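A look at the structure
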Amino acid sequence: MVACAVLVTAGCGGGTETKATSGTPQPSTPRDQLVLTAAEFPAGTKPLDLPPDKLRSSVTDLGDTMANSTVTPPECRGPQVDLAALTNDLLGNSALAAAATEDMDVYIEFVSAETADLTLMMDTNAKCAHMTSTSTVDGKQVNTTVDMEKLPALAGVDSVAYKSTSSSALPDAAALTRTAFQGWATLRGLTVTARSAAFSGAPDQATFEKFFADAVEKVREAK
């Protein structure tokens, strides 16, 4: 459950993009062989022993949270719910792999047969780079602030990437701040998604960038 809580903080949104260089057809390799193996995940990680459905719900539950929250600016609520629905569609037809360090830096990858709308992600992120939401969890009001920062995209492939920093506070409790990284790339009729988040502190950005690049490269080179 701790891992799921970390993954939810990754949020939805977009960063920067590049143009795809070719129309290479979809790989014939089975999709569950397109995700990175345990040995290909960042050093020091071990596979997460969580059912695939639990990993998927840890991401898609964000849509339910946003749909039942008061969002500022208010015009960001609808687009965020739309992005969560887009994520739900992608994950519904995907292979996935996840791993974590002992300190609970979590890395997760999805390879989906659906093609993500990266323009929607970028447009929403541009309009909602700073956002606050108020929701009720177990009868208590939770106030969350999210800031999005663009990251460099991958060369030679349609992609978006960003850093999100979220700070959540319950009444009479100190704010909990989390940092997460996420990248999306569309190539060969597929979408590759890479996430990195930490239960406390921030995951290493360079490690995330290599993780994202390795995930995309495996799909690019697949037969």
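Note that the structure is a prediction, hence the values are computed from the model and not measured.

Parameters at a glance
One numbering rule holds for all chains: residues counted from 1, following each sequence as written. Under the rules for a predicted model, residues below a pLDDT of 70 receive no local features and side-chain atom pairs below 80 are neither given nor counted, while totals for whole chains, interfaces and linings still include all residues. As a convention, hydrogens and water are excluded, and side-chain values are obtained from all of the structure's heavy atoms. Residue burial is assigned from relative accessible area. The probe radius is 1.4 Å, only protein chains are included, and a residue is buried under 20% of its type maximum, exposed over 50%, and partly exposed in between. For the purposes of this entry, the term helix denotes a DSSP run of H or I that reaches at least four residues, the term strand denotes a run of E that reaches at least two, and both are numbered from the N terminus. Relevant arc is that of directions from the helix axis to the C-beta atoms, nothing else. Any two residues whose heavy atoms approach within 4.5 Å are treated as being in contact. For the purposes of these results, a polar contact is taken to be a pair of N or O atoms within 3.5 Å, where, inside protein, one atom must be able to donate a hydrogen and its partner to accept one; residues adjacent in sequence count only when each atom of the pair is a side-chain atom. For the purposes of this analysis, a disulfide is any pair of cysteine sulfur atoms at a distance within 2.5 Å. In this analysis, strands are considered paired if DSSP registers two or more bridges between them. pLDDT runs from 0 to 100 and stands for how confident the predictor is about each residue.

As for helix H4 (residues 118-127)
For H4, the full list of buried residues reads Leu118, Met121, Met122, Thr124 and Asn125. The buried side chains of H4 occupy one side of the element, clustering within an arc of 165° when seen end-on. The outward face of H4, more than 90 degrees from its buried face, is lined by the exposed residues Ala126 and Lys127. Tucked into the core, H4 has its buried residues touching helix H3 (77-92), strand E6 (140-150), strand E7 (158-169) and strand E8 (176-187). You can read the cap of H4 off the contacts: a side-chain oxygen lies 3.2 Å from the backbone nitrogen of threonine 119, and it is on aspartate 117.

So, the state of the cysteines
As enumerated under the stated definition, the model contains 1 disulfide in all. Note that cysteine 76 is cross-linked by a disulfide to cysteine 128, the S-S spacing being 2.0 Å. Its S-S torsion of approximately -105° makes the covalent link between cysteine 76 and cysteine 128 left-handed. You can see cysteine 76 sitting in the loop between strand E2 (70-72) and H3 and its partner cysteine 128 sitting in the loop between H4 and strand E5 (130-137), a full 52 residues away along the chain. Take cysteine 76: its relative accessible area is 0%, and that puts it in the buried class.

A look at the pairing of E8
Most of E8 sits out of view: 10 of its 12 residues are buried. Bridge count between E7 and E8: 11 bridges; the pairing is antiparallel. Across the sheet, residue serine 166 finds its bridge partner in E8, namely arginine 178. Counted along the chain from E7 to the antiparallel partner E8, the turn is 6 residues long, and its residue aspartate 172 has a positive phi close to 60°. Of the pairings in the sheet, the one linking E8 to strand E9 (residues 190-198) comprises 8 bridges and is antiparallel in character. Residue pairing across strands places alanine 185 opposite valine 192, the latter belonging to E9. In this structure, the hairpin formed by E8 and E9 is closed by a connection of 2 residues, where arginine 188 is found at a positive phi of approximately 55°.

Some details on the sheet that holds strand E4 (residues 105-112)
With antiparallel pairing, 9 strands are arranged side by side in an open sheet as E1-E3-E4-E9-E8-E7-E6-E5-E2. Of all the strands in the sheet, just strand E1 (46-47) and E2 have a single pairing partner and so form its edges.

Considering the confidence of the model for the chain
Averaged over every residue, the pLDDT of the chain is 82; the share at 70 or more is 84%. In this model, residues 1-22 is a region of pLDDT below 50 whose contacts with residues beyond four sequence positions or in other chains number 84 contacts.

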